[in-house]
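Take a look at the letters that make up each chain.
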Amino acid sequence: ELEGERKGEGARMGKESKAAHPTDVHRKEQRKKELKRNKWNRQEHKVLEDIKKDPEVALKIIKEIDAKERAHGPTERSTQRKAEMQKLYDTLKKKERREKEEAERKEKAEQARMAKEKESYQKEQEAIAQAQAEAMGGSADMYMQGGGQQGGMGGGAPAMGAGPMGMQGVPVNIPPPNMHGGAM
C-alpha cells in the first residue's frame, strides 16, 4: 500500500512537484535582470540615434523631464538625465555649426579656384589672340572680337578670327581647362 501511494498521484515526477534549486532560482533572477537591462539599453540606444538624427528630440525629452519634475518633484536621476540631454544637444548643435562653417569655407575656396581658372583661361585666350594678331599684322582686339579683315582678300571678306578656325585651320578659341579638378 505504501508503494502504491508513491506511484500514484502524490508521487509524480513532473516539474510541478520539484522544488527549484536555489542556484537555479538565482540564475533565473539574474537572467530576468539582464533581459531588463538589455531592453533598457536598446531603448536608450534608439533614443540616442534619434537625437543624433535630429537634436530637437533632446529638447523634447528635456521638456518631458521638466513636466515630470513639476508634477512629482525633481529626482537625482531626472536632474542627471536632463543635464545629459542638454549636454548632448549642445554638442550636436556645435557639430552642426562646425560642419556648416566648413561647407561654407569649402564653397568659398571652390569659387575662388574657379575664378582663378577663369582668369587664367581668359589670359591664355588673350595671349593666343595677340600671337595671331602679330602673325597677321593686326591688333589682338581684332581677333578676340572677330572683327577686322584678312589681308589681300578684298572688301567684305570675313576676318580670320570670326569663325571657329583661325590662321590656316588653327582654332582661335581653345576649350577651357578641366573645371572639375580630376579625371573623368
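Values in this document were obtained by computation on a predicted structure and should not be read as measured data. (Residues numbered from 1 in each chain as written. Predicted model: local features only at pLDDT ≥ 70, side-chain atom pairs only at ≥ 80, totals over all residues. Heavy atoms only, no water.)

Colleague: Which residues make up the overall build of the protein, and what are the values?
Modeller: Broken down by element type, the protein carries five helices and zero strands. Helices and strands appear in the protein in the N-to-C order α-α-α-α-α. Counting all 184 residues of the protein, 16% fall into the buried class. Of all intrachain contacts in the protein linking residues separated by at least 6 positions in sequence, the fraction that spans at least 24 positions is 43%. On the protein, roughly 15000 Å² of surface is accessible, and the fraction owed to carbon and sulfur atoms is 54%. (Helix = DSSP H or I, 4+ residues; strand = E, 2+ residues; numbered from the N terminus. Buried < 20%, exposed > 50% of the residue type's maximum accessible area, 1.4 Å probe, protein only. Contact = heavy atoms within 4.5 Å. Areas by Shrake-Rupley, 256 points an atom, 1.4 Å probe, with all protein chains shown as cover.)

Colleague: Please give an account of the pattern of salt bridges that cites residues and values.
Modeller: Within this structure, the stated rule accounts for twelve salt bridges. A salt bridge links Glu 34 to Arg 31; the nearest nitrogen and oxygen atoms lie 3.6 Å apart. Here Arg 31 and Glu 34 lie together in helix 2 (residues 22–53), a separation of three residues that amounts to about one turn. Exposure remark for Glu 34: the relative accessible area of 33% places this residue in the partly exposed category. Taking the relative accessible area as the measure of exposure, Arg 31 reaches 45% and is therefore partly exposed. Between Arg 113 and Glu 110 there is a salt bridge, with its nearest N and O atoms 2.5 Å apart. One end of the pair, Arg 113, and the other, Glu 110, are both in helix 4 (residues 76–136), three residues apart, so they sit about a helical turn from each other. (Salt bridge = Lys/Arg side-chain N within 4 Å of Asp/Glu carboxyl O.)

Colleague: Give me the confidence of the model for the protein: which residues, what numbers.
Modeller: Low pLDDT marks regions whose predicted coordinates should not be analysed in detail. The predicted model of the protein averages 78 in pLDDT, with 65% of residues at 70 or higher. The least confident element of the protein, judged by mean pLDDT, is helix 1 (residues 2–7) at 49; the most confident is helix 4 at 92. Here residues 1–5 scores under 50 on pLDDT; set against residues more than four positions off or in separate chains, the count is one contact. Contacts of residues 147–162 to residues separated by more than four positions or lying in other chains number 25 contacts, the stretch itself having pLDDT below 50. (pLDDT = per-residue confidence, 0-100.)

Colleague: Describe the packing of helix 3 (residues 56–72) against helix 4, naming the residues involved and giving the relevant values.
Modeller: The relative placement of two packed helices is expressed as an angle between their axes plus a distance between the axes. Contact geometry of helix 3 with helix 4 gives a least axis separation of 9 Å together with a crossing angle of 160 degrees. Overall, the two elements helix 3 and helix 4 adopt an arrangement that is roughly antiparallel. At the point where helix 3 passes helix 4, the crossing takes the left-handed sense. Facing Glu 56, Ala 58, Leu 59, Ile 61, Ile 62, Ile 65, Asp 66 and Glu 69 of helix 3, the residues of helix 4 in contact are Ser 78, Thr 79, Arg 81, Lys 82, Met 85, Gln 86, Tyr 89 and Lys 93. Of the residues that constitute the contact of helix 3 with helix 4, the class distribution is seven nonpolar, three polar and six charged. (Axes fitted to C-alpha atoms, helices over the stretch in contact; angles between N-to-C directions. Parallel < 35°, antiparallel > 145°, perpendicular 65-115°, else oblique. Left-handed = near helix turned anticlockwise from the far one by under 90°. Nonpolar A, V, L, I, M, F, W, Y, C, P; charged D, E, K, R; others polar.)

Colleague: A description of a positive patch on the surface should follow, citing residues and the corresponding values.
Modeller: On the surface, a cluster of positive charge is contributed by Lys 52, Lys 94, Lys 95, Arg 97 and Arg 98. Residue placement: Lys 52 occurs in helix 2. (Patch = residues over 30% accessible without salt bridge, like charges linked within 9 Å, V, L, I, M, F, W, Y side chains within 5 Å. Lys, Arg positive; Asp, Glu negative; His and termini not counted. Charge placed at Lys NZ, Arg CZ, Asp CG, Glu CD.)

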